[in-house]
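# Architecture at a glance
Residue-level listing of the chains:
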Amino acid sequence: MDLKGRNFLTLKDFTPEEITYLIDLSAEVKEKKKKGIPVDHYKGKNVALIFEKDSTRTRCAFEVAAHDMGMGTTYLGPTGSQMGKKESIEDTARVLGRMYDGIEYRGFGQDIVEELAKYAGVPVWNGLTNEYHPTQMLADMLTIRENFGKLKGLKLVYMGDARYNMGNSLMVACSKLGLDFVACTTKEYFPNEELVETCRGYAAQSGATITLTEDVKEGTKDADVIYTDVWVSMGEPDEVWEKRIKELSPYKVTKEVMANAKETAIFLHCLPAFHDLKTKIGKEMGERFGITDMEVTDEVFESAQSKVFDEAENRMHTIKAVMMATLEES
Ligand code: CP
Ligand code: NVA
């Protein structure tokens, strides 16, 4: 399998075999890290990490992975560079491409990361856009595989805003890899029809199914994986909180939801999560709307079924695999 020089913008661009190769490589580098076997065959290389939105996991994963591989990193935050304000994406890409061996981008439209990739001349990796979060998918699939020993035939239910980066990406990943995908939410939050059609095409090849349902009992019945994400994503206006809380509360992951899934079911969340009032926003919403949690109860989040911190750790191993697969060794 040769992915050298490839961009990593969305899993739509990768075959099931290529995605499986990246998951296998992730498991391999995870094992090496645990055993203290170095993977620093990329000495002298450098990567640029562009973050137009905040991040804990993705930024730290790229930095730790790059350093483990012997590479240098430069973090470019929402302020402090010329990008977008005085310099176009196209020009920025051509400048960074002359200095760096790879570029990570987290920000807004998918068109921006595609534009970067078009002009950079080096691999570009999507660290989250409004539409997709592909590095998260590898971590999620690795975590699921670690728990069930397989991916094909499992039922994954996504509850909440299914028309944004996480819902879209999970539908793509599941349909390519043969997991039955269910978006369980109100109609307004279903993924867009064009993407659903594209994924039905992948599903026809892999044997997966795609179901969109408003019915929590039916949707979550016998699920293997219950997945949710924040109800308001980064970059969305504050005004939407009230509407989202009202409309998505019936799709909160509770112990009743978990009980309706299989006994062996696991709970996943890309994080960060609003499961208590220990955050600034969580506290503010708690005071405004008289709630103690949002997309998931603290009980489920802290339960043995919750694998969210394994999932978070796997961000690092999978991001390392993406960089290793797409960059030439030194
Ligand atoms: N899951 C995820 O992408 O987390 P960060 O926003 O902290 O990077
Ligand atoms: N949907 C969330 C994902 C965070 C990892 C967001 O875009 O903010």
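Attention here is on the structure that accompanies the text. Just so we're clear, the structure is a prediction, and the values are computed from it rather than from any experiment.

What follows concerns the overall build of the protein chain. Scanning the protein chain from N- to C-terminus turns up 13 helices and nine strands. Over its C-alpha atoms the protein chain spans a radius of gyration of 19 Å, differing by no more than 12% from the 20 Å that the globule rule assigns to 330 residues. Over its C-alpha atoms, taken along the principal directions, the protein chain stretches across nearly 55 × 40 × 40 Å. Put simply, the protein chain has 330 residues, and 55% of those count as buried. Sequence-distant contacts in the protein chain: of pairs separated by 6 or more residues, those separated by 24 or more amount to 77%. Split by element, the accessible area of the protein chain, about 14200 Å² in all, is 50% carbon and sulfur. The averaged location of the 55 negative side-chain charges in the protein chain is 2 Å from the averaged location of its 42 positive side-chain charges.

This part is about the site of ligand 2. Lining the immediate surroundings of ligand 2 are L128, Y164, N165, D229, V230, S233, M234, C270 and L271. Within the side chain of N165, an N or O atom sits 2.8 Å from an oxygen atom of ligand 2. Note that a nitrogen atom of ligand 2 is positioned 2.6 Å from one of the side-chain N or O atoms of D229. Spatially, ligand 2 is embedded in the largest pocket. Looking at the shell around ligand 2 residue by residue, the classes come out as six nonpolar, two polar and one charged.

This paragraph deals with unusual backbone geometry. Cis geometry is adopted by the peptide bond preceding P272, which originates at L271 and carries an omega value of 5°. Along the chain, P272 falls in the loop between β9 (266–269) and α11 (280–289). Phi is positive for D222, which is not a glycine, with a value near 55°. Mapped onto the fold, D222 is located in the loop between α8 (216–220) and β8 (225–228).

With that settled, consider the packing of helix α2 (residues 57–68) against helix α13 (residues 308–326). Remark: α2 packs on α13, axes separated minimally by 8 Å, with the N-to-C direction vectors making an angle of 50°. With respect to α13, the element α2 is oriented oblique. The two elements α2 and α13 cross, and the hand of that crossing is right-handed. Of the residues in α13, those in contact with R57, T58, A61, F62, V64, A65, A66 and D68 of α2 are A312, R315, M316, I319, K320 and M323. The residue makeup of the contact of α2 with α13, split by class, is nine nonpolar, one polar and four charged.

Attention shifts here to the sheet that holds strand β1 (residues 46–51). Sheet strands pair by backbone hydrogen bonding; their relative direction is either parallel or antiparallel. Ordered by their spatial adjacency, four strands build an open sheet running β2-β1-β3-β4, and the pairing between neighbours is parallel. The sheet is open, and its two borders are formed by β2 (72–76) and β4 (124–126), each paired with just one other strand. Going from strand to strand, the sheet's axes swing by 20° on average, the running direction of each strand aside. Sheet topology note: the β1/strand β3 (residues 102–106) ladder contains five bridges and is parallel.

This next bit is on the sheet that holds β9. Within the open sheet, the five strands sit side by side as β7-β6-β5-β8-β9. Their pairing is parallel. Two strands bound the open sheet, and with one partner strand each, they are β7 (210–213) and β9. Across the sheet, the mean angle separating the axes of adjacent strands is 20° when strand polarity is ignored. Examined bridge by bridge, strand β6 (residues 180–184) and β7 share four bridges and lie parallel to one another. From the neighbouring strand, F181 faces β7, where its bridge partner is I210. Packing against the sheet, α13 makes contact with β8 and β9, and its axis sits at approximately 50° to β9.

This part takes up the pairing of β3. Within a regular strand, the side chains alternate between the two sheet faces. Of all five residues that make up β3, five are buried, and the element is covered over most of its length. Burial along β3 is two-sided: G102, E104 and R106 facing one way and I103 and Y105 facing the other are all buried. In this structure, β3 lies alongside β4, joined through three bridges in parallel fashion. Residue pairing in the sheet places Y105 in a bridge with N126 of β4. Handedness of the crossover is the feature at issue here: the chain leaves β3, passes through helix α4 (residues 110–120), returns alongside β4, and the resulting connection is right-handed.

Conventions adopted
Residues numbered from 1 in each chain as written. Chains lettered and ligands numbered in written order. Predicted model: local features only at pLDDT ≥ 70, side-chain atom pairs only at ≥ 80, totals over all residues. Heavy atoms only, no water. Helix = DSSP H or I, 4+ residues; strand = E, 2+ residues; numbered from the N terminus. Rg over C-alpha atoms; globule rule 2.2 N^0.38 Å. Buried < 20%, exposed > 50% of the residue type's maximum accessible area, 1.4 Å probe, protein only. Contact = heavy atoms within 4.5 Å. Areas by Shrake-Rupley, 256 points an atom, 1.4 Å probe, with all protein chains shown as cover. Lys, Arg positive; Asp, Glu negative; His and termini not counted. Charge placed at Lys NZ, Arg CZ, Asp CG, Glu CD. Near = heavy atom within 4 Å. Polar contact = N/O pair within 3.5 Å; in protein donor to acceptor, adjacent residues only side chain to side chain. 1 Å grid on protein atoms, 1.4 Å probe; cavity = no way out; pocket = protein on both sides within 12 Å on 5 of 7 lines; lining within 4 Å. Sits in = over half its atoms within 2 Å of the grid points. Nonpolar A, V, L, I, M, F, W, Y, C, P; charged D, E, K, R; others polar. Axes fitted to C-alpha atoms, helices over the stretch in contact; angles between N-to-C directions. Parallel < 35°, antiparallel > 145°, perpendicular 65-115°, else oblique. Left-handed = near helix turned anticlockwise from the far one by under 90°. Pairing = 2+ DSSP bridges. Right-handed = clockwise from strand over helix to strand, strands pointing away.

Read these as layout, nothing more, since geometry by itself doesn't imply function.
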